[in-house]
Amino acid sequence: MTKLNYSCLFLLFFVGLSHSLGAASEKSIVDEIKNAEDRFDNRSVPLVEQVVDEAVLAKEEYQGGSFRVLARKAKIERYKCSSCHTDKPVTAQQGALLTHGDIILEHGSEDQGLSCIDCHHPQDRDYLEDKKGRKIDFDHSYQLCGQCHFRQKRDWLGGAHGKRVVNWAGERTVYNCTTCHNPHSPRFEKRFPATYSVELD
Amino acid sequence: MSSKKIKNKEIRAASLLEKKSTRRNFLKGLSIAAAAGSAALTTGCIPAADAASTEELKLRWQEFFKKNYRLMTQEEKDATVARLERLSKLNANLDVQMGSYPPLDGVLYGYAFNITRCEGFMECVTACVKENNLDRKTNTQYIRIFEMEPGQLDPSTGDGQYYHEVPVDNKFYMGTQCFHCEKAPCTKACPTKATWKEPDGIVVVDYDWCIGCRYCQAACPYYGRRFNWGKPEIPKEEVTRRQHYLGNRIRPMGKMEKCTFCIQRTRKGRLPACVEACPTGARVFGNLLDPESEIRYVLKHKKVFRMKEELGTDPKFWYFID
């Protein structure tokens, strides 16, 4: 009986010892990551794929400094807006087509939706305007969107919202708000998934 | 027997003894001789005897006697890559560009998945299938997306086979793939050391050393590994030509395969195919050792968790919420 007790104690001792040793050597990768503070030169990585879409230098700072965003103006079919919107009244030949009848505005809450001039500059149609009256370029629409969606903008600047273009290395180029979201109805539409999965073997 | 003849024999024996010979070299020499000369010897051996040309036969013999990728010198890697490119041309008339480029210094890859943003469109899955030359016949996929009930965080409670309009209200979507564990259980299970963790954190498989025993599949707690039950079938025009030896080259039958963080892309600074395809920006990829990378921002500022963290596998794949 005593023999058994002794062996039990022995066993307990060893289990305890190995456990404490194990816990001490159990270093997580998270600690290693936290301690990695040296700057990594992203431009040292030789790239095979370049960003082909037009991008402009952002007017705000990312945690590591400057970065680029995809340009928007080139994607707006009838930019410049001032080619129609002059001081004179607009006379449109094909009214339905040219008076933005195709735009469905579903932005903001249901009872208090946004109107055109909540974002567009009322006089200078080549620009946007925020609630402080600042003129904002179409390429830098994040400055406008961020006045309401400040959380998303903060995440976007850091890299937790939105995405980079093509490369993880090299100069940081990110998608603009309007690259993914239609500014007039920003929520993604429901649709069928691109594929389906079969059961695993 | 004259004394001259005896002397000759002695010299020959001495030279044979002096010459360094390993078992591998011996077999290699034997194999090349066999390939060149005796067709009878080749029948019943691993490479099929109906190989079209002697060139193909020779290449396959040399392939059969190559080393484990980790033991190869750069010259040997280049040689096997050249052979595989040529074999692909001979067998399938495919011009592939295969590489064996090494890991980048100061880089450790990590991945984050935003479960608030994913809407289940599964475009990542199709991009992955195409990029990694996955078998279309059995519908092999590295990525799985689960439709989850709110409050649940274990994908086994979710629906992995949904097919209806997404996103469904009051559901969320969670993707899984190989998590590239720092202490990967699959690498410990492999009896032939055909799978290991590269210095940049990517867990890879040497498809030519894999014997297809599937121990790693059993060892993986995340269902991250896939097995080739047959010869992969891919429409010729859809084959991704830019390949890596450890990555998306077309696997032979009976081999284990898995997500490699698109090693053929990421080692060239490019994003993995799933990240590039994601329409909602739910996927974040980058260098964990770079304090200014997006992935580090997510780890620092967001609420993150890892799947089955209590197992101590230390995966380099985090889930986060906005």
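So, here's what we can say about the structure. Keep in mind that what you see is a predicted model, and the values were worked out from it rather than measured.

1. A few points about the interface of chain B and chain A
1) Next: Every contact between the two is made by 70 residues of chain B and, on the other side, 50 residues of chain A.
2) Next: Roughly 5200 Å² of surface becomes buried between chain B and chain A when both sides are summed, with 54% attributable to carbon and sulfur atoms.
3) Next: Three residues stand out in chain B for area buried against chain A, namely Glu292, Glu294 and Tyr297 of chain B, and they jointly supply 13% of the buried area on that side.
4) Next: In this structure, the connection of chain B to chain A is made through 9 salt bridges.
5) Next: Across the salt bridge formed by glutamate 37 of chain A and arginine 296 of chain B, the nearest N and O atoms sit 3.5 Å from each other.

2. Quick notes on the environment of lysine 303 of chain B
Residue and element names in this part refer to chain B.
1) Next: Secondary-structure assignment places lysine 303 in strand β11 (residues 303-305).
2) Next: When the C-alpha positions of lysine 303 and isoleucine 321 are compared, they lie 6.0 Å apart, and in sequence the two are 18 residues distant.
3) Next: Those residues in contact with lysine 303 that sit more than four places away from it in its chain are Tyr319, Phe320 and Ile321.

3. Digging into the sheet that holds β11 of chain B
Residue and element names in this part refer to chain B.
1) Next: Ordered in space as β10-β2-β12-β11, the 4 strands form an open sheet in which the pairing is mixed. Each of the sheet's edge strands pairs with one partner strand only, and the pair in question is β10 (283-287) and β11. Strand-to-strand twist in this sheet, taken as the mean axis angle between neighbours without regard to direction, amounts to 30°.
2) Next: Across 5 bridges, the pairing between strand β2 (residues 109-114) and β10 is antiparallel. Note on β10: the bridge partner recorded for phenylalanine 113 is arginine 283.
3) Next: This element, helix α11 (residues 294-301), spans β2, β10, β11 and β12 (317-321) of the sheet and lies at about 110° to β10.

4. What to know about the pattern of salt bridges
All names here are of chain B.
1) Next: Counted by the stated rule, this structure contains 39 salt bridges over all chains.
2) Next: Note that glutamate 55 is salt-bridged to arginine 86, the shortest N-O span being 2.8 Å. You can see glutamate 55 sitting in helix α4 (residues 54-64) and its partner arginine 86 sitting in helix α5 (residues 74-92), a full 31 residues away along the chain.
3) Next: Judged by its relative accessible area of 34%, glutamate 55 falls in the partly exposed class.
4) Next: A relative accessible area of 34% places arginine 86 in the partly exposed class.
5) Next: Where lysine 171 meets glutamate 147, a salt bridge forms, and the shortest distance between an N and an O atom there is 4.0 Å. In this pair, lysine 171 sits in the loop between β3 (144-148) and β4 (172-176) while glutamate 147 sits in strand β3, placing the two residues 24 residues apart along the sequence.

Calculation rules
Residues numbered from 1 in each chain as written. Chains lettered and ligands numbered in written order. Predicted model: local features only at pLDDT ≥ 70, side-chain atom pairs only at ≥ 80, totals over all residues. Heavy atoms only, no water. Contact = heavy atoms within 4.5 Å. Buried area = accessible area lost by both parts, 1.4 Å probe. Salt bridge = Lys/Arg side-chain N within 4 Å of Asp/Glu carboxyl O. Helix = DSSP H or I, 4+ residues; strand = E, 2+ residues; numbered from the N terminus. Pairing = 2+ DSSP bridges. Axes fitted to C-alpha atoms, helices over the stretch in contact; angles between N-to-C directions. Buried < 20%, exposed > 50% of the residue type's maximum accessible area, 1.4 Å probe, protein only.

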